[in-house]
Amino acid sequence: MKESLIDLRAWRQFVAVAEELHFGRAALRLHMTQPPVTQAIAQLEKTLGVVLFDRTRRRVALTPAGEALLPDVRELLARAQALPARARAAAAGQVGRVRIGFVSTVGFEQLPAWVREFRVLCPEVALELVEATGDVQLEAFARGEIDAGLMLHSPGAAPPGLARLAVSQEPLVLALPAQHALARAPALLLADVLAEPLVIFPRRIVPSLHDAIFDLYHAAGRAPQLGQEAIQMQTIVNLVSGGIGVAWVPESVTQFRRAGVVYRRAAEFAPAARRRSAPVLPSCETSLVWPEEAANPALARFVAFVRERGQEGGQGRGRGDVSEGKTPAH
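Model, not experiment: these values are computed from the prediction.

Caption draft 1: Region of the structure containing the overall build of the chain. Each helix and strand in the chain was counted, giving 10 helices and 12 strands. For 330 residues, the compact-globule estimate of 2.2 N^0.38 gives 20 Å, and the chain exceeds it by more than 25% at 32 Å. With respect to the three principal axes, the spread of C-alpha positions in the chain is 110 × 35 × 30 Å. Among the 330 residues that make up the chain, the fraction classed as buried is 45%. Considering only intrachain contacts with a sequence separation of at least 6, the fraction spanning at least 24 residues in the chain is 72%. Each charge class in the chain was averaged separately, 37 positive and 33 negative side chains, and the resulting centres sit 4 Å apart.

Here is the structure:
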């Protein structure tokens, strides 16, 4: 037999003889007669091209080659014995790999907590994290490079054609340069804010949210005055700190405490003329998305984990809410 075709039976016979140092006792241990064991060891030595045992009429001893081989063969047999259980664990999603793309806003709070808890529950499932904007994640899905994605979008406008789990919804807040006069105003007028240069992400990154922000301006009869485009939320906040303009960012971004930036929420806006309430500002939603036909048990277990965390967080439309479905293909 060829070296690559040495079967486990031959290795078990080798270990039995190595541990008993007696062909007769090894045969009894293996529930065999002695001649087949002797023949098997001889064939193994012939295949390997080395002598594994020194044999005399009085004793059997391992050669240096046999001594060196024994630990590796024991490990091989132990791993082989564990394979059925590992296969069952993989089928149940307890072993495997999940490649997850995520937007930066999820990385502030939710994702670190999920990774920590999931590692405790499924220590043999590797989570591979790739920070990427929504458009880059969609390209990665098409190339089969990620299994799931955490994407930002306008409420109810998750990317089409994917199974989805909405994991949080949060309002947009206004990021202002700390030295700007509006940052110190006791109440903001929306008209004053909309007149300022806008720092925003390109539309291709999050089309639905980009459009919702522009709609806020158009509803007030204004066209946004673009100060600068930037891809990452941290970069947008840094540009605001530098006085380039103002920006509308998810509330979770306020955890990125950048010196020189002040965040103002909807309640801090004064009612517009002939209105009794502050203006309604856009909100955003984060969804876990994945191909519906995915056949990765570890991914299914991660999705179930995220779903359970959402249910534990309550039924409100806040950051703990989870709802699911499939976004229709257009």
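Caption draft 2: Geometry of the pattern of salt bridges. For the structure on display, the rule yields 13 salt bridges. Across the pair E20 and R29 runs a salt bridge whose closest N-O atoms are separated by 3.3 Å. Residue E20 is classed as partly exposed on the basis of its relative accessible area, which comes to 25%. The residue E128 makes a salt bridge to R97 at a minimum N-O spacing of 3.6 Å.

Caption draft 3: Broad picture of the environment of P282. Within the element layout of this structure, P282 appears in the loop between β10 (261–264) and β11 (283–290). Along the sequence, P282 and S154 sit 128 residues apart, while their C-alpha atoms lie 8.1 Å from each other. Excluding residues within four positions of it along the chain, P282 makes contact with P171, L172, A212, I213 and L216.

Caption draft 4: Focus on helix α9 (residues 233–241). For α9, the complete set of buried residues consists of M233, I236, V237 and V240. Down the axis of α9, the smallest arc covering the buried residues is 95 degrees, so these residues share one side. Looking at the buried residues of α9, the elements they touch are β5 (148–153), β6 (163–177), β7 (198–200), β9 (247–250) and β10. G243 occupies a position one or two residues after α9 and carries a positive phi of about 85 degrees.

Calculation criteria
Residues numbered from 1 in each chain as written. Predicted model: local features only at pLDDT ≥ 70, side-chain atom pairs only at ≥ 80, totals over all residues. Heavy atoms only, no water. Helix = DSSP H or I, 4+ residues; strand = E, 2+ residues; numbered from the N terminus. Rg over C-alpha atoms; globule rule 2.2 N^0.38 Å. Buried < 20%, exposed > 50% of the residue type's maximum accessible area, 1.4 Å probe, protein only. Contact = heavy atoms within 4.5 Å. Lys, Arg positive; Asp, Glu negative; His and termini not counted. Charge placed at Lys NZ, Arg CZ, Asp CG, Glu CD. Salt bridge = Lys/Arg side-chain N within 4 Å of Asp/Glu carboxyl O. Arc of directions from axis to C-beta.

Everything listed is a geometric property; what it means functionally is a separate question.
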